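Close look at the chain arrangement
This is what each chain is made of:
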Amino acid sequence: MITRSLAALAASALLAALALPTLAQSALVQFTGQLLDVRGGYVYFTSGDAFKIAPAPKLADYDTGGPTTLTPGPRVFARAVFDPATKSVIELDLSRKRLAEDASYATVAAPLTATKATTVRAPEIVGQFATGKEVAVAFVVTVPPTTPINAQIYISTDASGWNPQAIKLDRIDGLRYRAVRRFASGTKFAYRVTRGSWNTVEVGDDGLQAPPHEYFTKEVDAQEARVTVFAWQDNRANTPVQAAQPGAVPTPFNPNPFPPGGIAPPSRATPPGGFPTPRPGLPNVPH
Amino acid sequence: MQDRASRGAQGVTLHMRFPVVVALLATVAFASVVIPAAATAPASLDIRAKNVDFFYNRFIVTADTGVRVRLSDGTVISGETFTMDLKLNRYLIAGDVHIDGAGVHQVGAAFAGYPDLDRSYFLPAEGTPARVTFRGMDWTHPDTTREQPGDAFHFPDLTGERSYIRAVGARVVPRTEVMFDQARVYTAGVYVPTPRYVVVFGTNSHFYENAFPGGRFDVALPFNGSAHSLSALHLRNDQYNGSYLAFDQHFVWDQDWIAFGVDPLTQEQREYNLIGYKRWTPHLESRLFLQESAAQPGIINRPINAAGYGQLQVSGGWHGSNFTYSQDNYYQYLLGLPKGLTDLNDFNYVIGYDPRWKEHPMDASLSYASGDIMLGGRLAWLHLRPRGGIGFAHDVYGEGGFPNEQPGPSTLYYHYAGGSLYTQPVRLFGSLQFTGLYDRQRTWFSVPHETDLGDVRLTLSGTRQLQHLNYFVAYEVKTTDDYWGAQQLAAYPANADIVTTPYGTFSGQAAFRGLATSRGYTGSAVYSPTASFTFNTILSRFYDTPAPVPGLFGQPPWQLTLDARFRLSRQVQVDVGRQYFFNFANELWSPQFLIQFSP
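Conventions adopted
- Residues numbered from 1 in each chain as written.
- Chains lettered and ligands numbered in written order.
- Predicted model: local features only at pLDDT ≥ 70, side-chain atom pairs only at ≥ 80, totals over all residues.
- Helix = DSSP H or I, 4+ residues; strand = E, 2+ residues; numbered from the N terminus.
- Buried ≥ 20, exposed ≤ 12 C-beta atoms within 10 Å, placed from the backbone.
- Contact = placed C-beta atoms within 7 Å.
- Pairing = 2+ DSSP bridges.
- Axes fitted to C-alpha atoms, helices over the stretch in contact; angles between N-to-C directions.
- Domains from an automatic or database assignment.
- Core = buried A, V, L, I, M, F, W, Y, C linked by C-beta atoms within 7 Å.

1. Quick notes on the overall build of chain B
- Helix and strand content of chain B: four helices and 35 strands.
- When burial is assessed residue by residue, chain B has 38% of its 599 residues classed as buried.
- Considering only intrachain contacts with a sequence separation of at least 6, the fraction spanning at least 24 residues in chain B is 46%.

This is the structure we're talking about:
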């Protein structure tokens, strides 16, 4: 008798457990994601899945389980609770904060979605897997050998509004400069190397304006981006910087040889009512 | 007899018009030859909503409440929310989506546009749910079987982000720029209203290559733009003009570009600059720079004096080598002589006047620079870059002037040859590496003298991985020699041994006869324990002959550079740097304390 009673009790408990979907099929009765819309009898998630929704689903606060002031709509996160029998969503637990997925797509959403699966491959869709983890990236730039030993070298990127001094590099030897930055994997940008202005941007190996370098952060622990600068726009011939330009002065030092006489006014003085072009600087004075 | 200056004064009209005509012709030439960009679908998106936000650090535009997006073909897509990643060039409209256009009227849950793939993805809310793909802007042939990107309908995560711009509308030109209407720009903690604000986000850097001279401070307010143009006001500050407004206009195509600038816009001493770049073939390019410097009180008043300068560069690339022709032209007194100045030969008439300005100096050169040549055999570790060129200078500052006042031709011809012989970093032992450079250039002038430039640089560098340290020491000898043969002492007469300048009295000048040497030691250490912090120190010591004279020539014998960079947040890095000159020209620390914020 006791045995029968215990067996009946166990059977009842089992039936009761099976009747409660969260106990019997916990992996199959709820799906968490971000909402796109609730329309036409379906709730749409950003995964592209559309689940049939009951006529009057329960709306609850995700954290408390109690009533919520949120309404299901775009950008709202939700946990959809399904009725396994009807495969309809009977409850939406809503939240503004980003919710972690609590089940895999394949086991939960795929069997229940009303959205038909696509069957035709789309070769135009290509991509590279990236989780967004931070990756240490070393930029190593080899400069022309005649670049002054104390020259400032920068990287300008489209991500920084092409600021010609966006990323400053440090000279590490006679030819190379280096800087380390951290970027999320998947980060992609274009960049050019400059000496601090657009008048001193790098040119290509044939001395002509070259397209910017393309950079992409891979899904790795550390990465190195190497660039060789062949010449600068303001010095395509790679002449040494101390070179006195022949057109500038008759000698590198003495602008007024063959005394006596010479030119009394100093050259490059400001003319009355205007100033010569290009605008004079203050040579030999640190600035 | 009428002197040249008077003739120049009478030719004011021609001089005034010449730079303008050249500028217009250049603009027309640049604009007419360029092939218009091929139209892609959509060429633009006009967004209207109650709230339009722009997140600058993510390059993401969002819009909420009553969103209405008009594509360039006239199709209107409305919904509850909109988001567009400008860098990835994809957008999403979600919530009560309606597509209305030629031959299409559909209701759905979400619409995602991928212009780069020439595809649009749609989740209809009528009938059975499906994943619909449209090709291009063909709305009449929906495809429900084609694979879609897995994240086609995903919203970007903007948790914790603050919008940089708030507006009521925006016009997005994919891959190029976005123009916000009735924008409020986040500045110093508040949203400052502006009628319009343009953000350029494309990979074409030529939108940013302005025609301004260097400044200490520059904040741009781009207020108008299109796929190929950008107009901006600038608030600038420099050491000559203080703080002022400036204006620049850009025209940009794939490779070609024009930048025009007026700087300052609000001060008397003004520059009108125009830079034009044209790529004629993959191996030939040209660059034109025109500048008019004007003394112009008021913004639109007639200038009282003006000078012009033009530079043309034509460059050709051939098998890794480069040929460049460069020409400079100078024009003074475009508006005639200043009032009261009649005799241009009387350089004492106006203090600071230089009689050479009555001429129109010019110079030109044709230069050749070889690509990198790796020597063979046992010398494979050596690289060579030869170069050479020819040129002339006519009445150029400091050159044409002296022949007019003294014996000598007004035109000077020259040719030069030189090259660099150098090594790539050669590993010695451990992490220690050696790099060497020997550079020499000789220039022969028609006025019989020659200049010889030499540079020898030896560098030892190393890395201490555990200490996160990179370091190098360099020894460099530069020689600059000017040989006049028998005229050496005439060209370089004995100087007084002591020179007095506003910076003090300096000795050691008597022995100089045109041959100068600079020996320098430079040491550097870069300490970067993390990717968020870097400290760089560089110390240089120079021994120059002749000894440097502040204000005349030479460089500070001691120079110490300190530079620290640290990341304040994920988006903001601070760079603090300064130099110390050890009391050269009364300077201890460099006048400017460099602090730069960058992403």
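2. Brief notes about the overall build of chain A
- Along its length, chain A carries three helices and 14 strands.
- Counting every position in chain A, which comprises 287 residues, the buried fraction comes to 38%.
- The long-range fraction of contacts in chain A, counting pairs at least 24 apart against all pairs at least 6 apart in sequence, stands at 64%.

3. Concerning the pairing of strand 8 (residues 138-143) of chain B
All names here are of chain B.
- Pairing geometry for strand 7 (residues 132-135) and strand 8, over two bridges, is antiparallel. Paired with T133 across the two strands is D143, which belongs to strand 8.
- Linking strand 7 to strand 8, which pair antiparallel, is a turn of two residues; within it G136 sits at a positive phi near 55°.

4. Section: the sheet that holds strand 4 (residues 90-101) of chain B
Residues and elements named next belong to chain B.
- Read across the open sheet, the eleven strands follow the order 8-7-6-5-4-3-2-1-9-10-11; overall the sheet is antiparallel. The sheet is open, and its two edges are formed by strand 8 and strand 11 (190-200), each paired on a single side. Between one strand and the next, the sheet's axes are offset by a mean angle of 30°, whatever the strand orientation.
- Here strand 10 (residues 177-187) runs beside strand 11; their pairing, made up of ten bridges, is antiparallel. What sits directly across from V178, in strand 11, is V199.

5. Points about the environment of T187(A)
- Here T187(A) lies in the loop between strand 9 (176-184) and strand 10 (188-194).
- Between the C-alpha atoms of T187(A) and P67(A), which are 120 residues apart in sequence, the distance is 41 Å.

6. What about the domain arrangement of chain B?
- Once the domains are mapped, chain B shows domain 1 (45-171) and domain 2 (425-599).
- Domain 1 of chain B and domain 2 of chain B are separated by 56 Å when their C-alpha centres are compared.

7. As for the nonpolar core
- Residues V43(A), Y44(A), V61(B), I93(B), A110(B) and F180(B) are the most contacted members of the largest nonpolar core, which totals 86 residues.
- Ignoring sequence-local partners within four residues, the contact set of Y44(A) consists of L35(A), L36(A), D37(A), A50(A), A109(B), A110(B) and L123(B).
- Grouped together as the second largest cluster of nonpolar side chains are 31 residues, V137(A), L169(A), L208(A) and F230(A) included.

8. Side note on the sheet that holds strand 5 (residues 88-95) of chain A
- The five strands are arranged 1-2-3-5-4 (chain A) in a closed barrel whose pairing can be described as mixed. With strand direction ignored, the average angle separating the axes of adjacent strands in the sheet is 60°.

9. Comments concerning the pairing of strand 27 (residues 469-483) of chain B
Residue and element names in this part refer to chain B.
- The pairing of strand 26 (residues 450-464) with strand 27 spans 15 bridges and is antiparallel. Opposite L453, over in strand 27, you have T480 as the bridge partner.
- Between the end of strand 26 and the start of strand 27, which pair antiparallel, lie four residues, with H468 showing a positive phi angle near 55°.
- Here strand 27 runs beside strand 30 (residues 515-530); their pairing, made up of 13 bridges, is antiparallel. The residue bridging Y475 from the neighbouring strand is Y521, located in strand 30.

10. Focus: the domain arrangement of chain A
- Annotation of chain A at the domain level lists domain 1 (25-112) and domain 2 (134-232).
- Its C-alpha centre places domain 1 of chain A at a distance of 47 Å from the equivalent point of domain 2 of chain A.

11. Thoughts on unusual backbone geometry
- Cis geometry is adopted by the peptide bond preceding P264(B), which originates at D263(B) and carries an omega value of -10°.
- Within the fold, P264(B) resides in the loop between strand 15 (257-263) and strand 16 (269-281).
- The omega torsion across T545(B) and P546(B) is 0°, close enough to zero to call that bond cis.
- Its place among the elements puts P546(B) in the loop between strand 31 (533-545) and strand 32 (558-567).
- The phi angle at K87(A) is positive, at roughly 60°, despite the residue not being glycine.
- Note on placement: K87(A) falls in the loop between strand 4 (77-83) and strand 5.
- Residue K87(A) is classed as partly exposed on the basis of its C-beta count, with 14 C-beta atoms lying within 10 Å.
- For Q182(B), which is not glycine, the phi torsion reads 45° and is therefore positive.
- Looking at the secondary structure, you find Q182(B) in strand 10.

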